[in-house]
Amino acid sequence: MGEYEKKLEEIEKRIEEISGAANAAAVETLRREFLGKAGPFQDLMKGLKNLPPDEKPGMGKRINGLKNRAAKALETRLVELREQLGDDVSDLDYTLPGTRPTQGRLHLLTRTIEQILTVFQDMGFHVVEGPDIEDEWHNFEALRLHADHPARDTQDSFYLGEDRLLKTHTSPMQIRYMEEHPLPIQMVAPGYCYRRDPFTSRHSPTFFQIEALMIDKNITFAHLKGVLVEFVRGFFGRERKVRFRPDFFPFVEPGCEIAMDCPFCDGEGCRVCSQSGWIEILGAGMVHPGVLEYCNIDSKANTGFAFGMGVERPAMIRYGIDDIRHFYENDFRFLSQF
Ligand code: DAH
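Just so it is clear, the model here is predicted, and its values are computed rather than measured.

Caption draft 1: Broad picture of the sheet that holds strand β3 (residues 159-161). Judged by pairing direction, the sheet is antiparallel, and its three strands sit side by side in the order β2-β4-β3 without closing on themselves. Strand pairing shows two members of the sheet lacking a second neighbour, β2 (133-134) and β3, which therefore form its edges. Of the strand pairs in this sheet, β3 and strand β4 (residues 164-166) are connected by two bridges, and their pairing is antiparallel. Among the inter-strand pairings, G161 is bridged to a residue of β4, identified as R164.

Caption draft 2: Representation of the layout of surface pockets within the structure. Counted as a void, the largest pocket has a volume near 1400 Å³. Lining of the largest pocket is provided by 50 residues; of these, R202, E280, I281, G310 and R313 occupy positions nearest its centre. At seven residues, the largest contribution of residues to the lining of the largest pocket is made by strand β9 (residues 278-287). Looking at side-chain class alone, the lining of the largest pocket contains 24 nonpolar, 15 polar and eleven charged residues. Y4, K7, E10, I11, R14, E33, F34, P40, D43, L44 and G47 are the residues that line the second largest pocket. Counting only elements with at least two residues in the lining of the second largest pocket, the list comes to α1 (3-17), α2 (24-35) and α3 (40-47). Looking at the lining of the second largest pocket, the element that brings in the most residues is α1, giving five residues. Of the residues belonging to the lining of the second largest pocket, the class tally is five nonpolar, one polar and five charged.

Caption draft 3: Representation of the environment of G65. Along the chain, G65 turns up in helix α4 (residues 56-85). In this structure G65 comes out as partly exposed when scored by relative accessible area, which is 34%.

Caption draft 4: Broad picture of the site of the ligand. In the region of the ligand, 15 residues are neighbours, and H169, S171, R195, Q209 and E211 sit closest. Within the side chain of Q209, an N or O atom sits 3.0 Å from an oxygen atom of the ligand. At 3.1 Å from an oxygen atom of the ligand is found a main-chain nitrogen or oxygen belonging to A306. Contact with the protein chains covers 90% of the free accessible surface of the ligand, which is 360 Å². More than half of the atoms belonging to the ligand lie within 2 Å of the grid points that define the largest pocket. Of all the secondary-structure elements, those providing two or more residues to the shell around the ligand are β6 (206-216), β9 and β10 (303-310).

Caption draft 5: Region of the structure containing the domain arrangement of the protein chain. Per the domain assignment, the segments of the protein chain are domain 1 (2-91) and domain 2 (108-335). On a C-alpha basis, the centroid separation for the pair domain 1 and domain 2 is 79 Å.

Caption draft 6: Quick peek at the packing of aromatic side chains. Summed over all chains, the structure comprises twelve aromatic pairs. An angle of 85° between the planes, with centres 4.7 Å apart, marks the rings of F235 and F236 as edge-to-face. Ring centres of Y319 and F338 lie 5.8 Å apart, and the angle between their planes is 75°; on these two criteria the pair is classed as edge-to-face. Taken together, the residues Y319 in helix α11 (residues 312-319) and F338 in the segment after α13 (332-335) connect sequence positions 19 residues apart. A network of ring pairs unites the aromatic residues F120, F125, F231, F235, F236, F305 and F307 as a single cluster. Over the ring of F244 we find K225; its NZ or CZ atom is 5.8 Å from the centre of that ring.

Cut-offs applied
- Residues numbered from 1 in each chain as written.
- Predicted model: local features only at pLDDT ≥ 70, side-chain atom pairs only at ≥ 80, totals over all residues.
- Heavy atoms only, no water.
- Pairing = 2+ DSSP bridges.
- Helix = DSSP H or I, 4+ residues; strand = E, 2+ residues; numbered from the N terminus.
- 1 Å grid on protein atoms, 1.4 Å probe; cavity = no way out; pocket = protein on both sides within 12 Å on 5 of 7 lines; lining within 4 Å.
- Points joined across faces, edges and corners; volume = space filled by probe spheres on them.
- Nonpolar A, V, L, I, M, F, W, Y, C, P; charged D, E, K, R; others polar.
- Buried < 20%, exposed > 50% of the residue type's maximum accessible area, 1.4 Å probe, protein only.
- Near = heavy atom within 4 Å.
- Polar contact = N/O pair within 3.5 Å; in protein donor to acceptor, adjacent residues only side chain to side chain.
- Areas by Shrake-Rupley, 256 points an atom, 1.4 Å probe, with all protein chains shown as cover.
- Sits in = over half its atoms within 2 Å of the grid points.
- Domains from an automatic or database assignment.
- Phe/Tyr/Trp six-rings, centres within 6.5 Å; stacked < 30°, edge-to-face > 60°.
- Lys NZ or Arg CZ within 6 Å of the ring centre and 35° of its normal.

This is the structure in structure tokens:
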């Protein structure tokens, strides 16, 4: 028996195996084995030329016949499997847990900002936004942070050119708003701020502030106190205590610093509040008459208050976050926890 003959018999036997293929994947493997580029039939056809001329036609026919049988057996087995398993002949395991598409959500900082703004909107404050790039007049001069003023150094700035800088705080929005709107004024202005600070667990060169301004006839420190106590209790919980202490900012007189009793230890002293029992949350004061005059508001007839707060700190306190960098690194493992 020639070698050719032997090969054909081997293939014949293997075609019989097709009917025993266990599943569609096995059928597919066999299909590639038989009919793929590296399959046996191509080789056999090529080998024909070495046979004696009178054997060629008969052998060619047999090879083609086997090829057709293999194709038919594959098709038949696939149909059988389909009938056994219903329409789906793949190896899908329906008991495996599915993969849910991940759902997007608002950044923790965005949500905190929205929650804070909502507390003020509920008290009638109008929300406005301003530019990131400021000039020295709005960022410093009109706020009485004059060129020789020591406070100006503390706001180490990113200058973009002569008289152009990234705003170092949201207070310039006070000026912009007073320039453009008639009294009474009751606004809050959220915005990013930029300072040349190193990126550490407690400082970030980019941070978020919310500024507030209320000006009209007969606005007093009592209004400031009422609004701030309501904010602290509305955002951190009704049981919070609020502390007012004198502080200095050139654009307010008197100025003050506001703290609340630490929500983690209820004022007892703990790691979060550095054992002091209090957490400082914002700066505030009665708008300096000089600032009102810069904006063409009669400071004899009108008064008002302003305050500015960072947003990261309240968010860190509320959600127990110990490093400000988490807000800006956009690590999904962190963000998706909230
Ligand atoms: N702009 C100040 C800062 O960035 C915060 C501030 C203090 C804002 C007192 C005010 C205020 O409106 O009255 O440090």
